[in-house]
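Letter by letter, the chains look like this.
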Amino acid sequence: MKESTRYNRQIILPEIGEEGQLKLSKSKVLVIGAGGLGAAVLPYLAAAGVGEIGIVDDDTVEISNLHRQVIYKNSGVGKSKAEEAKLMISELNPEIKINAFSEKLSGKNALSLFEKHDIIVDATDSISIKYVINDTCLLTNKPMVYGSVFRFQGQVSVFNYQNGPTYRCLYPDENSNTLNCEDAGVIGITVGTIGLFQANEVLKIILGIGEVLSGKILVYNILNNEQQKYDFEKSSDFAITKEDYELKYNSNENQIQEIHFESVLDEIDNDEVLFLDVRNIDESPKITLKNQIQIPLMNLEKEIEKLDKNQTIYIFCQSGIRSKIAIEVLQKNKFKNIKSIAGGALAMKQSLQEKIHSN
Amino acid sequence: MIEVKYFGAVAEKTKCEFEKLSFSEEISLQKLLQNLNEKYEFESLTFSVAVNQKIVSKVADYTLQTSDIVALLPPFAGG
């Protein structure tokens, strides 16, 4: 350690010591959301010497943030939150590594971000993103340090800690709606208090001290200082596989679901691809390709065993609408290499005619 | 007497943070929730339900005892 006195007051705690400080310096924590909660979590993790901190936020600082997001300055208004937060905490502690990600977290970037860190802190302000974080933590086997606020109350928990219960075990209903700070109103102290509880859980996990809030949710009310803890159990209903995840979040970047027939004209004689006509038998124009099968959309689920899940399948109907529904049906059944042909049989007929003329 | 605690947006609906309710006969957790829903019209609000500090995953099967403390815990979103 270059500056041996920086951490002295925490190193002299018997629960931490040189060994604990080394654990902190080797840990990597990803903080998602640099708003009110993040503004409390970030400086405390940085100051304590967490070796690497990632900050994910695609927002810019607004003047209406400053009453509660106390790491920002008036001069930072309009600038990237992730970058401004990085600037602030690197001045606080230049010995640690800080990475700013000025992007919105989604099923597309979450996996690669999570894999580079040991602990994920949910400091976001939207319910739907909490499910993304939960599911990605499950898939990458990382603990999720959760915090959220409603007016003068806050909740804290640690999900998926050593295979413990997850956010879905507590709140299975993904469609619940509730107000965020912008709509409900909040004071800085509420988010600050809850953010500090989160930072505390992060340090406990890294240091292996105390009791981690796993399988328990803590609810704190700053108006009456009442604090409640509720136990909850793991439910096996919410396991998630990589395939489920990709389907749900469309995380497979190459998954363009619609293609133009021209781009696959070269493949009409390829034995490895199948053209699937989901129109009814009596519809015209007739399209007759070498590797073609007709299953009307209404029979698709019933006759799904006629298809091979691993084959490349190009689906068409009359104009390209039913084929998109067919894509959804097949995706539900774990088909992977499926595309819908834009414009359907009408567009295909035209392309085929043009091909004959040009030959 | 059964004590019911309310949190977050649920407490905004009930306009109180707790209340004590007495019933002349045994009541199931499901029935209690139905009664509360009729009284307060929770509508689209979702919440988890705890009895004696433990979240109950199967509300339908639960019979309440007279000294039980029930809590309605909606998810929070602010950050």
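Keep in mind it's a predicted model, so treat the numbers as computed, not measured. (Residues numbered from 1 in each chain as written. Chains lettered and ligands numbered in written order. Predicted model: local features only at pLDDT ≥ 70, side-chain atom pairs only at ≥ 80, totals over all residues.)

**Some points on the overall build of chain A**
Working step 1: If you tally the helices and strands in chain A, you get 12 helices and 13 strands.
Working step 2: Computed over its C-alpha atoms, the radius of gyration of chain A comes to 26 Å, more than 25% above the 21 Å expected for a compact globule of 359 residues.
Working step 3: Based on the C-alpha atoms only, the size of chain A along its principal axes is roughly 80 × 40 × 40 Å.
Working step 4: Per-residue burial over chain A gives 41% buried out of 359 residues.
Working step 5: Within chain A, contacts between residues separated by at least 24 positions form 68% of all contacts whose residues are at least 6 apart in sequence. (Helix = DSSP H or I, 4+ residues; strand = E, 2+ residues; numbered from the N terminus. Rg over C-alpha atoms; globule rule 2.2 N^0.38 Å. Buried ≥ 20, exposed ≤ 12 C-beta atoms within 10 Å, placed from the backbone. Contact = placed C-beta atoms within 7 Å.)

**Considerations on the overall build of chain B**
Working step 1: Each helix and strand in chain B was counted, giving 2 helices and 5 strands.
Working step 2: Element order for chain B, N to C, with α for helix and β for strand: β-α-β-α-β-β-β.
Working step 3: In terms of overall size, chain B behaves like a compact globule, its C-alpha atoms giving a radius of gyration of 12 Å where 79 residues would be expected to give roughly 12 Å.
Working step 4: Counting only C-alpha atoms and orienting by the principal axes, one finds that chain B spans roughly 40 × 25 × 20 Å.
Working step 5: Across the 79 residues that make up chain B, the buried fraction comes to 32%.
Working step 6: Of the contacts formed within chain B by residues at least 6 apart in sequence, a portion of 59% connects residues at least 24 apart.

**Describing the interface of chain A and chain B**
Working step 1: On the side of chain B, 19 residues touch chain A, which itself brings 35 residues to the contact.
Working step 2: Residue assignment for the side of chain A that touches chain B shows that the elements contributing at least two residues are helix 3 (36–48), strand 5 (144–150), strand 6 (153–159), helix 8 (181–184) and strand 8 (226–231) of chain A.
Working step 3: For the side of chain A that touches chain B, the element with the highest residue contribution is strand 5 of chain A, accounting for 4 residues.

**Points about the sheet that holds strand 13 (residues 338–341) of chain A**
Residues and elements named next belong to chain A.
Working step 1: The strand order across the open sheet formed by 5 strands is 9-13-12-10-11, and the pairing between neighbours is parallel. Unpaired on one side and paired on the other, strand 9 (258–259) and strand 11 (292–294) mark the two borders of the sheet.
Working step 2: Where strand 12 (residues 312–316) and strand 13 come together, 3 bridges link them in parallel fashion. Residue pairing across strands places Ile-315 opposite Ser-340, the latter belonging to strand 13.
Working step 3: Seen against the sheet, helix 11 (residues 322–332) touches strand 12 and strand 13 and runs at an angle of roughly 170° to strand 13. (Pairing = 2+ DSSP bridges. Axes fitted to C-alpha atoms, helices over the stretch in contact; angles between N-to-C directions.)

**Things to note about the nonpolar core**
Residues and elements named next belong to chain A.
Working step 1: Ranked by size, the top nonpolar core spans 90 residues in total, and within it Val-31, Leu-42, Leu-45, Ile-55, Ile-120, Val-121 and Val-202 carry the most contacts.
Working step 2: The biggest single contributor to this core is helix 9 (residues 188–207), with 9 residues.
Working step 3: Listed in part, the 19 residues of the second largest apolar core include Leu-274, Phe-275, Ile-313 and Ile-338. (Core = buried A, V, L, I, M, F, W, Y, C linked by C-beta atoms within 7 Å.)

**Observations regarding the domain arrangement of chain A**
Working step 1: Parsing chain A into structural domains produces domain 1 (8–238) and domain 2 (256–358).
Working step 2: The gap between the C-alpha centroids of domain 1 of chain A and domain 2 of chain A is 46 Å. (Domains from an automatic or database assignment.)

**Digging into unusual backbone geometry**
Working step 1: Here the residue pair Ser284(A) and Pro285(A) is connected by a cis peptide bond, since its omega of 5° sits within 30 degrees of zero.
Working step 2: Positionally, Pro285(A) belongs in the loop between strand 10 (273–277) and strand 11.
Working step 3: Of note, the phi angle at Asn52(B) is positive, near 50°, even though the residue is not glycine.
Working step 4: The topology assignment puts Asn52(B) in the loop between strand 3 (48–51) and strand 4 (54–55).
Working step 5: Given 14 C-beta atoms within a 10 Å radius, Asn52(B) is considered partly exposed.

**Let's talk about the environment of Ser75(A)**
All names here are of chain A.
Working step 1: By secondary structure assignment, the location of Ser-75 is in the loop between strand 2 (52–56) and helix 4 (81–92).
Working step 2: With 9 C-beta atoms packed within 10 Å, Ser-75 lands in the exposed category.
Working step 3: Ser-75 sits 12 residues away from Ile-63 along the chain, and the two C-alpha atoms are 9.6 Å apart.

**Some thoughts on the pairing of strand 4 (residues 119–122) of chain A**
Residue and element names in this part refer to chain A.
Working step 1: Residue alternation in strand 4 divides its side chains into two sets, Ile-119 and Val-121 and Ile-120 and Asp-122, and both sets are buried.
Working step 2: Direction of pairing for strand 1 (residues 28–32) relative to strand 4: parallel, over a ladder of 4 bridges. Bridge pairing in strand 4 places Val-31 opposite Val-121.
Working step 3: Two strands pair when backbone bridges link them, and strand 4 and strand 5 are joined in this way by 3 bridges, in the parallel orientation. Along strand 5, the bridge assignment pairs Asp-122 with Tyr-146.
Working step 4: Viewed along the sheet, the connection from strand 4 through helix 6 (residues 127–140) into strand 5 turns out right-handed. (Right-handed = clockwise from strand over helix to strand, strands pointing away.)

**A closer look at the packing of helix 3 of chain A against helix 4 of chain A**
Relative placement of two packed helices is described by the angle separating their axes and the distance separating the axes.
All names here are of chain A.
Working step 1: Relative orientation of the contacting elements helix 3 and helix 4 amounts to 30°, with a least axis distance of 9 Å. Accordingly, the angle class assigned to the pair helix 3 and helix 4 is roughly parallel. Along this stretch, helix 3 crosses helix 4, giving a crossing that reads as right-handed. Residues Gly-38, Leu-42, Pro-43, Ala-46 and Ala-47 of helix 3 lie in contact with helix 4, whose contacting residues are Ala-85, Ile-89 and Leu-92.
Working step 2: Here the contact of helix 3 with helix 4 is composed, by residue class, of 7 nonpolar, 1 polar and no charged. (Parallel < 35°, antiparallel > 145°, perpendicular 65-115°, else oblique. Left-handed = near helix turned anticlockwise from the far one by under 90°. Nonpolar A, V, L, I, M, F, W, Y, C, P; charged D, E, K, R; others polar.)

**Section: helix 2 (residues 17–26) of chain A**
Residue and element names in this part refer to chain A.
Working step 1: Of the positions making up helix 2, those classed as buried are Gly-20, Gln-21 and Leu-24. Buried residues in helix 2, looked at end-on, bunch into an arc of 100°, giving them a common side. Exposed residues pointing more than 90 degrees away from the buried face of helix 2 are listed as Glu-18, Glu-19 and Lys-26.
Working step 2: Where the residues of helix 2 are buried, they touch helix 1 (8–11), helix 3 and helix 9. (Arc of directions from axis to C-beta.)

**A closer look at the confidence of the model for chain B**
Residues and elements named next belong to chain B.
Working step 1: Residues of chain B with pLDDT of at least 70 account for 100%, and the chain-wide mean is 94.
Working step 2: By mean pLDDT, the top-scoring element of chain B is strand 5 (residues 69–73) (98), and the lowest-scoring one is helix 1 (residues 8–14) (95).
Working step 3: Scored as a whole, the predicted complex attains pTM 0.77, and scored at its interfaces, ipTM 0.96. (pLDDT = per-residue confidence, 0-100.)

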